[in-house]
Amino acid sequence: MTEALDFSSMERDGRLLAIRKLKRSLYRIQAGAVLVFSLLLLFVGNGFGTSPIFIGVETFLYFLLIMGLLVAIEGFVFRWLEIKLARSRTGRFFMLRKAQRKAVLISLVSTLVLLVFLVPGAAGAVEGQIGSEGTVAPTVSFHNKDVLGLASVTEVTVVASEDVEVYIVTAEVWGEYGLNNEQLQANKLNIEHEIGAEDGSVVIPIGDMERTELYLAVMEGSSGASADFDIAAELSPLFKTAVPILAFLYAAAHFAYAAWLVPKRIKFARPV
(Lines give C-alpha, C1' and ligand atoms only; values in the text may rest on other atoms or scores of the structure.)
Protein backbone atom coordinates (compact mmCIF):
# COMPACT_ATOMS: atom_id res chain seq x y z
CA MET A 1 0.00 0.00 0.00
CA THR A 2 1.18 3.49 -0.71
CA GLU A 3 1.56 5.86 2.20
CA ALA A 4 -0.95 8.67 2.48
CA LEU A 5 0.30 12.01 1.35
CA ASP A 6 1.14 14.40 4.17
CA PHE A 7 -0.59 17.52 2.87
CA SER A 8 0.25 19.41 6.06
CA SER A 9 4.01 18.92 5.49
CA MET A 10 3.68 19.79 1.81
CA GLU A 11 1.86 22.99 2.66
CA ARG A 12 4.48 23.83 5.29
CA ASP A 13 7.32 23.23 2.81
CA GLY A 14 5.58 25.38 0.21
CA ARG A 15 5.20 28.27 2.64
CA LEU A 16 8.84 27.91 3.72
CA LEU A 17 10.05 28.07 0.11
CA ALA A 18 7.85 31.11 -0.52
CA ILE A 19 9.29 32.90 2.54
CA ARG A 20 12.86 32.15 1.51
CA LYS A 21 12.17 33.34 -2.03
CA LEU A 22 10.64 36.55 -0.68
CA LYS A 23 13.64 37.06 1.61
CA ARG A 24 16.13 36.64 -1.24
CA SER A 25 14.18 39.00 -3.50
CA LEU A 26 13.88 41.63 -0.78
CA TYR A 27 17.58 41.43 0.08
CA ARG A 28 18.54 41.78 -3.59
CA ILE A 29 16.38 44.87 -3.98
CA GLN A 30 17.83 46.38 -0.82
CA ALA A 31 21.40 45.54 -1.87
CA GLY A 32 20.81 47.28 -5.20
CA ALA A 33 19.31 50.32 -3.47
CA VAL A 34 22.24 50.48 -1.05
CA LEU A 35 24.74 50.30 -3.93
CA VAL A 36 23.01 53.06 -5.92
CA PHE A 37 22.54 55.43 -2.98
CA SER A 38 26.05 54.75 -1.71
CA LEU A 39 27.52 55.77 -5.06
CA LEU A 40 25.32 58.86 -5.11
CA LEU A 41 26.47 59.83 -1.63
CA LEU A 42 30.12 59.33 -2.54
CA PHE A 43 30.22 61.00 -5.95
CA VAL A 44 27.32 63.47 -6.01
CA GLY A 45 27.55 64.59 -2.39
CA ASN A 46 31.19 65.74 -2.66
CA GLY A 47 32.31 62.61 -0.88
CA PHE A 48 34.96 61.62 -3.43
CA GLY A 49 37.96 63.39 -4.84
CA THR A 50 41.19 62.52 -6.64
CA SER A 51 43.25 65.68 -6.15
CA PRO A 52 43.93 65.28 -3.31
CA ILE A 53 42.59 61.75 -2.77
CA PHE A 54 39.47 61.86 -0.63
CA ILE A 55 36.83 59.21 0.07
CA GLY A 56 34.37 60.79 2.49
CA VAL A 57 32.73 57.93 4.37
CA GLU A 58 30.76 59.98 6.90
CA THR A 59 27.34 60.15 5.22
CA PHE A 60 27.98 56.89 3.38
CA LEU A 61 28.77 55.00 6.60
CA TYR A 62 25.78 56.52 8.40
CA PHE A 63 23.50 55.32 5.59
CA LEU A 64 25.00 51.81 5.67
CA LEU A 65 24.57 51.54 9.43
CA ILE A 66 20.91 52.57 9.24
CA MET A 67 20.24 50.10 6.42
CA GLY A 68 22.12 47.39 8.29
CA LEU A 69 19.90 47.83 11.33
CA LEU A 70 16.75 47.62 9.19
CA VAL A 71 18.02 44.48 7.44
CA ALA A 72 18.88 42.92 10.81
CA ILE A 73 15.32 43.48 12.08
CA GLU A 74 13.95 41.98 8.86
CA GLY A 75 16.27 39.03 9.44
CA PHE A 76 14.75 38.47 12.89
CA VAL A 77 11.30 38.14 11.37
CA PHE A 78 12.32 35.91 8.45
CA ARG A 79 14.41 33.65 10.67
CA TRP A 80 11.55 33.11 13.10
CA LEU A 81 9.17 32.28 10.26
CA GLU A 82 11.67 29.74 8.93
CA ILE A 83 12.00 28.20 12.40
CA LYS A 84 8.24 27.92 12.79
CA LEU A 85 7.91 26.18 9.44
CA ALA A 86 10.78 23.73 9.96
CA ARG A 87 9.65 20.10 9.69
CA SER A 88 11.11 18.58 12.83
CA ARG A 89 11.24 19.66 16.44
CA THR A 90 14.98 18.92 16.51
CA GLY A 91 15.54 21.09 13.43
CA ARG A 92 13.72 23.98 15.09
CA PHE A 93 15.86 23.63 18.20
CA PHE A 94 19.15 23.77 16.28
CA MET A 95 17.92 26.69 14.15
CA LEU A 96 16.93 28.53 17.34
CA ARG A 97 20.33 27.86 18.90
CA LYS A 98 22.20 29.09 15.83
CA ALA A 99 20.06 32.25 15.58
CA GLN A 100 20.51 32.94 19.27
CA ARG A 101 24.29 32.53 19.18
CA LYS A 102 24.56 34.82 16.18
CA ALA A 103 22.43 37.49 17.88
CA VAL A 104 24.52 37.29 21.07
CA LEU A 105 27.78 37.60 19.09
CA ILE A 106 26.60 40.69 17.19
CA SER A 107 25.30 42.18 20.43
CA LEU A 108 28.72 41.70 22.08
CA VAL A 109 30.59 43.19 19.11
CA SER A 110 28.23 46.19 19.05
CA THR A 111 28.71 46.68 22.79
CA LEU A 112 32.48 46.60 22.31
CA VAL A 113 32.24 49.26 19.59
CA LEU A 114 30.09 51.39 21.89
CA LEU A 115 32.62 51.09 24.73
CA VAL A 116 35.49 52.03 22.42
CA PHE A 117 33.80 55.28 21.47
CA LEU A 118 32.86 56.02 25.08
CA VAL A 119 36.39 55.49 26.43
CA PRO A 120 38.06 58.86 27.08
CA GLY A 121 40.99 59.37 24.74
CA ALA A 122 39.74 57.08 21.97
CA ALA A 123 38.55 60.04 19.90
CA GLY A 124 41.76 61.91 20.68
CA ALA A 125 43.83 59.06 19.25
CA VAL A 126 42.06 59.41 15.89
CA GLU A 127 42.23 63.21 16.00
CA GLY A 128 45.95 63.01 16.67
CA GLN A 129 46.49 61.28 13.33
CA ILE A 130 45.72 64.51 11.46
CA GLY A 131 46.65 67.08 14.09
CA SER A 132 50.32 67.94 14.61
CA GLU A 133 52.68 70.44 16.17
CA GLY A 134 56.18 71.66 15.53
CA THR A 135 58.16 74.55 14.08
CA VAL A 136 57.41 76.21 10.76
CA ALA A 137 60.38 77.89 9.03
CA PRO A 138 58.98 79.42 6.94
CA THR A 139 56.26 77.05 5.62
CA VAL A 140 54.58 73.77 6.43
CA SER A 141 51.84 71.96 4.52
CA PHE A 142 48.87 70.01 5.89
CA HIS A 143 45.45 68.74 4.82
CA ASN A 144 42.32 70.09 6.43
CA LYS A 145 40.77 66.58 6.47
CA ASP A 146 42.05 63.05 6.52
CA VAL A 147 41.55 60.75 3.52
CA LEU A 148 38.29 59.24 4.86
CA GLY A 149 36.86 62.42 6.35
CA LEU A 150 36.94 60.97 9.86
CA ALA A 151 38.63 64.04 11.34
CA SER A 152 38.98 67.68 10.32
CA VAL A 153 41.33 70.47 11.32
CA THR A 154 39.48 72.99 13.48
CA GLU A 155 42.16 75.59 14.19
CA VAL A 156 45.82 76.40 13.86
CA THR A 157 47.68 78.14 16.67
CA VAL A 158 50.91 79.95 15.83
CA VAL A 159 53.28 81.25 18.51
CA ALA A 160 56.20 83.60 17.76
CA SER A 161 58.62 85.69 19.78
CA GLU A 162 58.88 88.45 17.17
CA ASP A 163 56.62 90.49 14.91
CA VAL A 164 55.59 88.25 12.00
CA GLU A 165 52.73 87.76 9.57
CA VAL A 166 51.01 84.39 9.33
CA TYR A 167 49.20 83.25 6.19
CA ILE A 168 47.23 80.12 5.37
CA VAL A 169 46.79 79.59 1.64
CA THR A 170 45.87 76.74 -0.68
CA ALA A 171 48.50 74.61 -2.39
CA GLU A 172 47.59 76.26 -5.70
CA VAL A 173 48.34 79.75 -4.35
CA TRP A 174 51.58 78.57 -2.78
CA GLY A 175 52.66 76.81 -5.96
CA GLU A 176 52.05 79.92 -8.05
CA TYR A 177 53.40 82.68 -5.79
CA GLY A 178 55.67 81.04 -3.20
CA LEU A 179 57.08 83.48 -0.61
CA ASN A 180 55.50 86.55 -2.20
CA ASN A 181 54.26 88.55 0.77
CA GLU A 182 51.81 90.69 -1.19
CA GLN A 183 50.22 87.73 -2.99
CA LEU A 184 50.08 85.63 0.17
CA GLN A 185 48.28 88.44 1.96
CA ALA A 186 45.90 88.95 -0.96
CA ASN A 187 44.98 85.25 -1.17
CA LYS A 188 45.11 84.21 2.49
CA LEU A 189 42.24 82.24 4.03
CA ASN A 190 42.70 83.63 7.54
CA ILE A 191 41.52 87.05 8.69
CA GLU A 192 43.81 87.65 11.66
CA HIS A 193 47.38 87.29 10.46
CA GLU A 194 49.68 89.50 12.53
CA ILE A 195 51.57 88.42 15.63
CA GLY A 196 53.07 91.11 17.80
CA ALA A 197 55.78 90.78 20.40
CA GLU A 198 53.23 91.64 23.11
CA ASP A 199 50.60 88.95 22.46
CA GLY A 200 52.97 86.41 20.90
CA SER A 201 50.33 84.13 19.31
CA VAL A 202 47.36 83.94 16.99
CA VAL A 203 44.62 81.31 16.73
CA ILE A 204 43.32 80.76 13.20
CA PRO A 205 40.00 78.88 12.83
CA ILE A 206 39.73 76.60 9.80
CA GLY A 207 36.28 76.64 8.23
CA ASP A 208 34.48 73.69 6.68
CA MET A 209 35.62 73.02 3.11
CA GLU A 210 36.43 70.15 0.79
CA ARG A 211 39.60 68.22 1.50
CA THR A 212 42.37 70.59 0.48
CA GLU A 213 46.11 70.81 0.89
CA LEU A 214 46.92 74.00 2.77
CA TYR A 215 50.16 75.85 3.45
CA LEU A 216 51.02 77.73 6.62
CA ALA A 217 53.54 80.47 5.86
CA VAL A 218 55.29 82.74 8.38
CA MET A 219 56.77 85.94 7.01
CA GLU A 220 58.80 88.83 8.40
CA GLY A 221 58.48 91.57 5.85
CA SER A 222 59.46 90.09 2.50
CA SER A 223 61.47 87.25 4.00
CA GLY A 224 60.52 83.97 5.60
CA ALA A 225 60.52 83.63 9.36
CA SER A 226 60.01 80.87 11.93
CA ALA A 227 57.38 80.16 14.60
CA ASP A 228 55.87 77.30 16.55
CA PHE A 229 52.55 75.87 15.41
CA ASP A 230 49.87 73.53 16.73
CA ILE A 231 47.29 72.06 14.32
CA ALA A 232 44.21 70.91 16.25
CA ALA A 233 41.81 68.37 14.73
CA GLU A 234 38.38 67.11 15.74
CA LEU A 235 36.67 63.80 15.09
CA SER A 236 33.62 63.92 12.82
CA PRO A 237 30.34 64.45 14.74
CA LEU A 238 29.10 61.18 13.20
CA PHE A 239 31.57 59.21 15.28
CA LYS A 240 30.83 61.12 18.47
CA THR A 241 27.03 60.85 18.33
CA ALA A 242 25.55 58.72 15.54
CA VAL A 243 27.92 55.73 15.73
CA PRO A 244 27.59 55.27 19.53
CA ILE A 245 23.79 55.58 19.30
CA LEU A 246 23.59 53.10 16.43
CA ALA A 247 26.00 50.73 18.20
CA PHE A 248 23.67 50.82 21.22
CA LEU A 249 20.64 50.13 19.00
CA TYR A 250 22.42 47.20 17.32
CA ALA A 251 23.38 45.75 20.70
CA ALA A 252 19.92 46.28 22.21
CA ALA A 253 18.06 44.83 19.21
CA HIS A 254 20.19 41.68 19.00
CA PHE A 255 20.22 41.15 22.75
CA ALA A 256 16.43 41.52 22.91
CA TYR A 257 16.04 39.05 20.04
CA ALA A 258 18.36 36.54 21.74
CA ALA A 259 16.44 36.92 24.99
CA TRP A 260 13.10 36.51 23.19
CA LEU A 261 14.34 33.20 21.74
CA VAL A 262 15.28 31.75 25.15
CA PRO A 263 11.84 30.40 26.18
CA LYS A 264 11.25 29.07 22.67
CA ARG A 265 14.57 27.25 22.70
CA ILE A 266 13.75 25.73 26.08
CA LYS A 267 10.35 24.64 24.76
CA PHE A 268 11.80 22.76 21.79
CA ALA A 269 14.59 21.26 23.94
CA ARG A 270 12.04 19.37 26.04
CA PRO A 271 10.91 15.96 24.87
CA VAL A 272 7.38 15.77 23.52
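Located above this text is the structure these notes cover.
What you are looking at is a predicted structure, and each value in this text was computed from that prediction instead of being measured. (Residues numbered from 1 in each chain as written. Predicted model: local features only at pLDDT ≥ 70, side-chain atom pairs only at ≥ 80, totals over all residues. Heavy atoms only, no water.)

Visitor: How should the sheet that holds strand S8 (residues 201-205) be read in this particular structure?
Guide: Within a sheet, adjacent strands bond to each other through the backbone by hydrogen bonds, running parallel or antiparallel. The strand order S3-S11-S5-S8 describes an open sheet built from four strands, whose pairing is antiparallel. Both edges of this open sheet fall to strand S3 (132-136) and S8, since each of them pairs with a single strand only. If you compare each strand with its neighbour and ignore which way they point, the axes differ by 20° on average. (Pairing = 2+ DSSP bridges. Helix = DSSP H or I, 4+ residues; strand = E, 2+ residues; numbered from the N terminus. Axes fitted to C-alpha atoms, helices over the stretch in contact; angles between N-to-C directions.)

Visitor: Is there a simple way to think about a negative patch on the surface in this case?
Guide: A contiguous patch of negative charge on the surface is contributed by Asp 163, Glu 192, Glu 194, Glu 198, Asp 199 and Glu 220. Mapped onto the fold, Glu 194 is located in strand S7 (residues 194-195). Looking at Glu 194, the relative accessible area reads 51%, which means it is exposed. (Patch = residues over 30% accessible without salt bridge, like charges linked within 9 Å, V, L, I, M, F, W, Y side chains within 5 Å. Areas by Shrake-Rupley, 256 points an atom, 1.4 Å probe, with all protein chains shown as cover. Salt bridge = Lys/Arg side-chain N within 4 Å of Asp/Glu carboxyl O. Lys, Arg positive; Asp, Glu negative; His and termini not counted. Charge placed at Lys NZ, Arg CZ, Asp CG, Glu CD. Buried < 20%, exposed > 50% of the residue type's maximum accessible area, 1.4 Å probe, protein only.)

Visitor: Whenever I open this one, unusual backbone geometry confuses me. Can you help?
Guide: Negative phi characterises most residues that are not glycine, and trans characterises most peptide bonds. Geometrically, the link from Ala 137 to Pro 138 is a cis peptide bond, its omega value of -5° lying close to zero. You can see Pro 138 is positioned in the loop between S3 and strand S4 (139-143).

Visitor: Before we go on, may I ask you to explain helix H2 (residues 58-84) in this structure?
Guide: When the terminal C-alpha atoms of H2 are compared, their 40 Å separation across 27 residues agrees well with the 39 Å that a helix rising 1.5 Å per residue should span. Of the positions making up H2, those classed as buried are Met 67, Leu 69, Ala 72, Phe 76, Phe 78, Trp 80, Glu 82 and Ile 83. (Expected span 1.5 Å × (residues − 1).)

Visitor: Before we go on, may I ask you to explain a nonpolar patch on the surface in this structure?
Guide: Taken together, the side chains of Leu 105, Val 109, Leu 112, Val 113, Val 116 and Phe 117 present a nonpolar region at the surface, about 500 Å² in accessible area. Secondary-structure assignment places Leu 112 in helix H3 (residues 89-118).

Visitor: Quick question: what am I supposed to make of the packing of aromatic side chains here?
Guide: Any pair of aromatic rings gets described here by the distance separating the centres and the angle formed by the planes. Within the structure shown, the criterion is met by six aromatic pairs. Taking 6.4 Å as the distance between ring centres and 85° as the angle between the ring planes, the aromatic pair formed by Tyr 27 and Phe 78 counts as edge-to-face. Note that Tyr 27 is positioned in helix H1 (residues 7-44) and Phe 78 in helix H2, a separation of 51 residues in sequence. In this structure Phe 78 comes out as buried when scored by relative accessible area, which is 10%. Aromatic side chains Tyr 257 and Trp 260 sit 6.2 Å apart centroid to centroid with 25° between the ring planes, which places their arrangement in the stacked category. Residue Tyr 257 and its partner Trp 260 are both found in helix H7 (residues 237-269); the two are separated by three residues, about one turn of the helix. A relative accessible area of 39% places Trp 260 in the partly exposed class. An aromatic cluster is defined as three or more aromatic residues linked by ring pairs; in this entry it consists of Phe 76, Trp 80, Tyr 257 and Trp 260. Over the face of the ring belonging to Trp 80 we find Lys 264, whose NZ or CZ atom lies 5.6 Å from the ring centre. (Phe/Tyr/Trp six-rings, centres within 6.5 Å; stacked < 30°, edge-to-face > 60°. Lys NZ or Arg CZ within 6 Å of the ring centre and 35° of its normal.)

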